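Coordinate inspection notes
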Amino acid sequence: MKYEKFHLLNRRAGFTLVELLVVVLIVVLLLSIAFGVLRLGIVTQRSAGAKQVLLDQVSFAAEYASRSLRYAKKANGTCTVEHYEITGAAPQEGIRFLNAAGECVNIYLSAADGLIYEQKDSGIPRALTSNDLEVTALHFVVTGVESNDEKQPRVTFIMQAKPRQGTEEITLQKTISQRLLDN
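Overview of the structure. (Residues numbered from 1 in each chain as written. Predicted model: local features only at pLDDT ≥ 70, side-chain atom pairs only at ≥ 80, totals over all residues. Heavy atoms only, no water.)

If you tally the helices and strands in the protein chain, you get 2 helices and 8 strands. Starting at the N terminus, the α and β elements of the protein chain follow one another as α-α-β-β-β-β-β-β-β-β. Only carbon and sulfur atoms are counted for the fraction: they give 59% of the accessible area of the protein chain, which is about 12300 Å². (Helix = DSSP H or I, 4+ residues; strand = E, 2+ residues; numbered from the N terminus. Areas by Shrake-Rupley, 256 points an atom, 1.4 Å probe, with all protein chains shown as cover.)

Moving on, we come to the sheet that holds strand β3 (residues 104–109). In space, the 5 strands of this open sheet follow the order β1-β2-β3-β4-β5, with antiparallel pairing throughout. Every other strand in the sheet has two partners, leaving β1 (84–87) and β5 (126–127) as the edge strands with one partner each. Relative to β5, strand β4 (residues 116–120) runs antiparallel, the two sharing 2 bridges. Note that in β5 the partner of Y117 across the bridge is A127. (Pairing = 2+ DSSP bridges.)

Taken as a whole and assessed by the stated rule, the structure comprises 5 salt bridges. For R126, the salt bridge identified is with E118, shortest N-O distance 2.9 Å. (Salt bridge = Lys/Arg side-chain N within 4 Å of Asp/Glu carboxyl O.)

With respect to the helices and strands, T129 occurs in the loop between β5 and β6 (133–143). Given the relative accessible area of 7%, T129 is considered buried. Within the structure, T129 has its side chain in polar contact with the backbone nitrogen of I116 (distance 3.1 Å). If we ignore the near neighbours within four places in the chain, the residues touching T129 are A61, L115, I116 and V135. (Buried < 20%, exposed > 50% of the residue type's maximum accessible area, 1.4 Å probe, protein only. Polar contact = N/O pair within 3.5 Å; in protein donor to acceptor, adjacent residues only side chain to side chain. Contact = heavy atoms within 4.5 Å.)

We now examine a nonpolar patch on the surface. A contiguous nonpolar surface patch, about 560 Å² in accessible area, is contributed by V23, V27, L31, F35, L38 and I42. Note that V23 resides in helix α2 (residues 17–70). Taking relative accessible area as the criterion, V23 reaches 49% and is therefore assigned partly exposed. (Patch = residues over 30% accessible without salt bridge, like charges linked within 9 Å, V, L, I, M, F, W, Y side chains within 5 Å.)

With that settled, consider the environment of L115. Position of L115 relative to the elements: it lies in the loop between β3 and β4. Here L115 falls in the buried class, since its relative accessible area comes to 3%. Along the backbone, L115 and R126 are 11 residues apart, and their C-alpha atoms lie at a distance of 9.8 Å. In this view, L115 contacts Y108, L109, S110, A127, T129, S130, N131, L133 and R164; residues no more than four positions away in its chain are not counted.

Turning to the sheet that holds strand β8 (residues 170–177), a few remarks are in order. Sheet strands associate in pairs through backbone hydrogen bonding, adopting either a parallel or an antiparallel arrangement. Reading across the sheet, the 3 strands line up as β6-β7-β8 and stay open at both edges, with antiparallel pairing between neighbours. The open sheet has two edge strands, β6 and β8, and neither has a second partner. The mean inter-strand angle of the sheet, taken between neighbouring strand axes irrespective of direction, is 15°. Pairing of strand β7 (residues 154–163) with β8, which is carried by 8 bridges, proceeds in the antiparallel orientation. Following the sheet pairing, F157 is matched in β8 by K174. (Axes fitted to C-alpha atoms, helices over the stretch in contact; angles between N-to-C directions.)

The full count for this structure, using the stated rule, is 4 aromatic pairs. Between the aromatic rings of Y108 and Y117, the centroid separation amounts to 5.8 Å while the plane-to-plane angle is 25°, which identifies the pairing as stacked. A single burial state applies to Y108 and to Y117, both of which are buried. (Phe/Tyr/Trp six-rings, centres within 6.5 Å; stacked < 30°, edge-to-face > 60°.)

The tendency in soluble globular proteins is for nonpolar side chains to be buried as a group. Grouped together as the largest cluster of nonpolar side chains are 27 residues, with contacts concentrated most on F157 and M159. Contributions of two or more residues to this core are made by α2, β2 (94–98), β3, β6, β7 and β8. Ranked by residue count, the leading element in this core is α2, at 7 residues. Those residues in contact with F157 that sit more than four places away from it in its chain are A62, S66, L69, L138, H139, F140, L172, Q173, K174 and I176. (Core = buried A, V, L, I, M, F, W, Y, C linked by side-chain atoms within 4.5 Å.)

Okay, here's the thing in structure tokens:
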């Protein structure tokens, strides 16, 4: 009788091999799901960060060009451009104009390195985009530059860009009208 009681107590105190295997399997499944969700979160965060950097760089170049184009003036003899002049051919177009400081400015896309440059008068070109960004297309549309059309001059530009290390591509379109009224 004593032996039988001891045997029953021992039996209740432990786990069977099948029970242990089921618990281990459940723990492994839960851990793999948790690590999968964590990995997905990290990948999503990196992708969002890369998109934000791309958007920041494209926005900087667009705002800089917009500010210059917005305050463009009519030709005064130092620059041969009446209002705006499209240079180059799509997709590597550029635009020349007289800025508020009286300098002849050329903003253009370089086919050699995929960067947007600004060149004032005959000075050294200055990159408006970083080397981490590749601008694949830059296109300008100019309207309202004729003096008898009763319209304010407007410039619309379309820029396509992507990071050099990645596949995300962004297209930005912006229309700017001159601040200085037509006479």
